[in-house]
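Listed here are the chains, written in short residue letters.
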Amino acid sequence: MTDELGVSVTTFARGVVIHLSGPLGSGAAMRLGEAIAAVDERETPTVILDLARVPACDIQGMGAIIAAMKHAARRDLRLIMAAVNPPISRAIERHGLTDRAELRGSLREAVDELEA
């Protein structure tokens, strides 16, 4: 799996959206970790991971998602994963994270929660 992952951030009054594009593999996992760490400096209560453009996720990528969930829990951040594609959704389920992960069907649905 290639390491090319696009990362961009959109800031809202009550949170940020981290937009990811490309497969979530080993090098990409590091970029995701850096993006989550950068959010800490913004003092925001909610982080949304926009996964609409993430077609695949290998074991290192899943590790990055788990690390992001743990990091958010330690920092008392709310982490929402939006527009999760079926392969990633199945990986979340296989790792037993379904009941701990906040999943939304679309980015719009997740952002609406920020703006409510």
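In this report, the structure presented in the accompanying data block is examined. Every value quoted in this text rests on a predicted model; they were computed, and no experiment measured them.

Secondary-structure assignment places alanine 72 in helix H2 (residues 59-74). Counting along the chain gives 27 residues from alanine 72 to proline 45, while the straight-line C-alpha distance between them is 9.5 Å. What alanine 72 contacts, discounting residues up to four positions off in sequence, is Leu77 and Leu79.

On to unusual backbone geometry. For aspartate 76, which is not glycine, the phi dihedral falls at a positive 60°. Tracing the chain through its elements places aspartate 76 in the loop between H2 and strand E4 (78-82). The backbone of alanine 83 shows a phi angle near 55°, a positive value even though the residue is not glycine. Relative to the helices and strands, alanine 83 resides in the loop between E4 and helix H3 (86-94).

Here we take up the pattern of salt bridges. Note on pairing: side chains with opposite charge can pair once their charged atoms come close. The final tally for this structure, using the stated rule, is six salt bridges. Across the pair glutamate 102 and arginine 78 runs a salt bridge whose closest N-O atoms are separated by 2.8 Å. One end of the pair, glutamate 102, is in strand E5 (residues 102-104); the other, arginine 78, is in strand E4, and 24 residues separate them in sequence. A salt bridge links glutamate 113 to arginine 78; its shortest N-O distance comes to 2.5 Å. On the criterion of sequence distance, the pair formed by glutamate 113 in helix H4 (residues 107-115) and arginine 78 in strand E4 is long-range, its members being 35 residues apart. The partly exposed category is assigned to glutamate 113, whose relative accessible area is 26%. When salt bridges with common partners are traced through the structure, they connect Arg78, Glu102, Arg104 and Glu113 into a single cluster.

Residues Ile18, Leu24, Val47, Leu49, Ile65, Met81 and Ile92 are the most contacted members of the largest nonpolar core, which totals 31 residues. Where this core is concerned, the elements lending two or more residues are strand E2 (15-21), helix H1 (26-40), strand E3 (46-53), H2, E4 and H3. What methionine 81 contacts, discounting residues up to four positions off in sequence, is Leu49, Leu51, Ile65, Met69, Ile92, Ala101, Glu102, Leu103 and Arg104. Membership of the second largest hydrophobic core comes to seven residues, among which are Val17, Ile80, Ala110 and Val111.

The rules behind each value
Residues numbered from 1 in each chain as written. Predicted model: local features only at pLDDT ≥ 70, side-chain atom pairs only at ≥ 80, totals over all residues. Heavy atoms only, no water. Helix = DSSP H or I, 4+ residues; strand = E, 2+ residues; numbered from the N terminus. Contact = heavy atoms within 4.5 Å. Salt bridge = Lys/Arg side-chain N within 4 Å of Asp/Glu carboxyl O. Buried < 20%, exposed > 50% of the residue type's maximum accessible area, 1.4 Å probe, protein only. Core = buried A, V, L, I, M, F, W, Y, C linked by side-chain atoms within 4.5 Å.

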